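Breakdown of the fold
Each chain is listed here by its residues.
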Amino acid sequence: YGRGPSEAQKMSCAPVDGAAEVCANCGKESGDAVELKVCAPRRLVKYFGVVCQRARRKHTAELKEERLFTKGCQERPEEDFCPICTLPIPMPMDNHSGFYLCCMKRVCHGCVVATATRGTRFNVDCPFCRTPAPIMEVFISSSELAMVQKRVDSKDPEALRFLGDKYYFGRHGLEKDVPRAIELWSEAAELGSLEAHNRLAEFYLGDEIGVTADGVARNFSKAVRHWEEAAIRGHVESRHNLGVRECGEGNHERAVKHLLISAKMGDKSSLDVIKDMFVGGVASKDQYADALKGYQEAMEEMKSPERVEAKKRMKDMESWR
């Protein structure tokens, strides 16, 4: 690192090319009187001693904490918005939208119903890409699975995540293969799929840490890292899961911070947890009121006449069964 490293450089483990040997914490150069010590285990940075090493680790932890609670707190990721009406989809999204394999898009029920009833005939084309007789996730044949494989070959992150799901559960004619599912989810996560991060976190968490499942070991620290990576990019469920985890460990202040963020994004489950914490005396009345207000505002922003009509039609359909 050069003298007076920037914040970005302090967070990096890679030395600057051509720079003099300096302490990664204080920026002072090494000399004849004092020799820098290599940091184990990465051996990529050097310090004057334990004091500097501890100071930098504390600073790094503070930056990570700040990033965790300032990033992904205002708006949900792009994939949470309907590509037609551009409104965020209510949570849980599976209950308020359809996922179409033809274009790997999630379309809200309001736009699905509005598109299907437009004109003189009932339209069953994909509401987004207009593919005839759209292929939805619940209806998939071997030929349609081959179409998904083509998207996987082209490195579509949602296609990778989708195929990983099918290998994990052994569905649609695929033999259950957990290592293959982990491989696909990992690649999807690297390419930007936040849901793949959540899938990996839920798998690594497991029912019992240290237990292997189908040849893949559970890993609690990996689970948390995947949830944090998704949460700072706006993934609501991952943020909720972090809050529940902190609550379970007795870290109520951190739990409320996470759950307030997800509740204000429209997550009813997070609001309910904060309510239970308030009743249990580990969250304040003001915190619950803040969560409730934020949740109501988020829900109001997700309303549209088309979604109200879709909800009414689906309720009528359920009453006919």
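Residues numbered from 1 in each chain as written. Predicted model: local features only at pLDDT ≥ 70, side-chain atom pairs only at ≥ 80, totals over all residues. Heavy atoms only, no water.

Attention shifts here to the environment of phenylalanine 81. Structurally, phenylalanine 81 can be placed in the loop between helix H2 (50–70) and strand E3 (97–100). Placed 24 residues apart in sequence, phenylalanine 81 and lysine 105 show a C-alpha to C-alpha distance of 9.9 Å. In this structure, phenylalanine 81 is in contact with Glu75, Arg76, Thr86, Leu87, Pro88, Ile89 and Arg106, ignoring residues within four places of it in sequence. (Helix = DSSP H or I, 4+ residues; strand = E, 2+ residues; numbered from the N terminus. Contact = heavy atoms within 4.5 Å.)

Size it by volume and the second largest pocket reaches roughly 360 Å³. As for the second largest pocket, its lining consists of 15 residues, of which Gln74, Glu75, Lys264, Met265 and Glu301 are closest to the centre. Of all the elements in the fold, those that place two or more residues in the lining of the second largest pocket are helix H10 (252–263) and helix H12 (285–301). The greatest single-element share of the lining of the second largest pocket, amounting to four residues, is contributed by H12. Residues that form the lining of the second largest pocket fall into these classes: eight nonpolar, two polar and five charged. (1 Å grid on protein atoms, 1.4 Å probe; cavity = no way out; pocket = protein on both sides within 12 Å on 5 of 7 lines; lining within 4 Å. Points joined across faces, edges and corners; volume = space filled by probe spheres on them. Nonpolar A, V, L, I, M, F, W, Y, C, P; charged D, E, K, R; others polar.)

Okay, the pattern of salt bridges next. With the rule as written, the count across this model stands at 18 salt bridges. Measuring nitrogen to oxygen at the nearest pair gives 3.1 Å for the salt bridge that ties aspartate 80 to arginine 76. Exposure remark for arginine 76: the relative accessible area of 6% places this residue in the buried category. Of the charged contacts, one joins arginine 245 and glutamate 249 as a salt bridge, the two residues approaching to 3.9 Å between their closest N and O atoms. The class for glutamate 249 is partly exposed, based on a relative accessible area of 46%. Through salt bridges that share partners, Glu158, Arg161, Asp165, Glu195 and Arg199 make up one connected network. (Salt bridge = Lys/Arg side-chain N within 4 Å of Asp/Glu carboxyl O. Buried < 20%, exposed > 50% of the residue type's maximum accessible area, 1.4 Å probe, protein only.)

We now examine the packing of aromatic side chains. One pass over the structure, following the stated rule, counts five aromatic pairs. Judged by centre distance (5.0 Å) and plane angle (90 degrees), the ring pair of tyrosine 168 and phenylalanine 169 falls under edge-to-face. With a centroid separation of 5.8 Å and an interplanar angle of 10 degrees, the aromatic rings of phenylalanine 278 and tyrosine 288 are classed as stacked. On the criterion of sequence distance, the pair formed by phenylalanine 278 in helix H11 (residues 268–279) and tyrosine 288 in helix H12 is long-range, its members being 10 residues apart. On the accessibility criterion, phenylalanine 278 (31% relative accessible area) is partly exposed. Residue tyrosine 288 is classed as buried on the basis of its relative accessible area of 18%. Between the NZ or CZ atom of arginine 161 and the centre of the ring of phenylalanine 99, over which it lies, the distance is 5.4 Å. When the ring centre of phenylalanine 169 is taken as origin, the NZ or CZ atom of arginine 171, which lies over that ring, is 4.4 Å away. (Phe/Tyr/Trp six-rings, centres within 6.5 Å; stacked < 30°, edge-to-face > 60°. Lys NZ or Arg CZ within 6 Å of the ring centre and 35° of its normal.)

Turning next to the confidence of the model for the protein chain. When pLDDT is averaged across the protein chain, the result is 82; 74% of the residues are at 70 or more. Counted against residues more than four places away or in other chains, residues 1–19, with its pLDDT under 50, gives 34 contacts. (pLDDT = per-residue confidence, 0-100.)

By secondary structure assignment, the location of arginine 106 is in strand E4 (residues 105–108). One polar contact links arginine 106 to aspartate 94, side chain to side chain, over a distance of 3.1 Å. Among the polar contacts made by the side chain of arginine 106, one reaches the side chain of serine 97 at a distance of 3.1 Å. When residues no more than four places from it in sequence are discounted, the contact partners of arginine 106 are Phe81, Cys82, Pro83, Ile89, Met93, Asp94, Ser97, Gly98 and Phe99. (Polar contact = N/O pair within 3.5 Å; in protein donor to acceptor, adjacent residues only side chain to side chain.)

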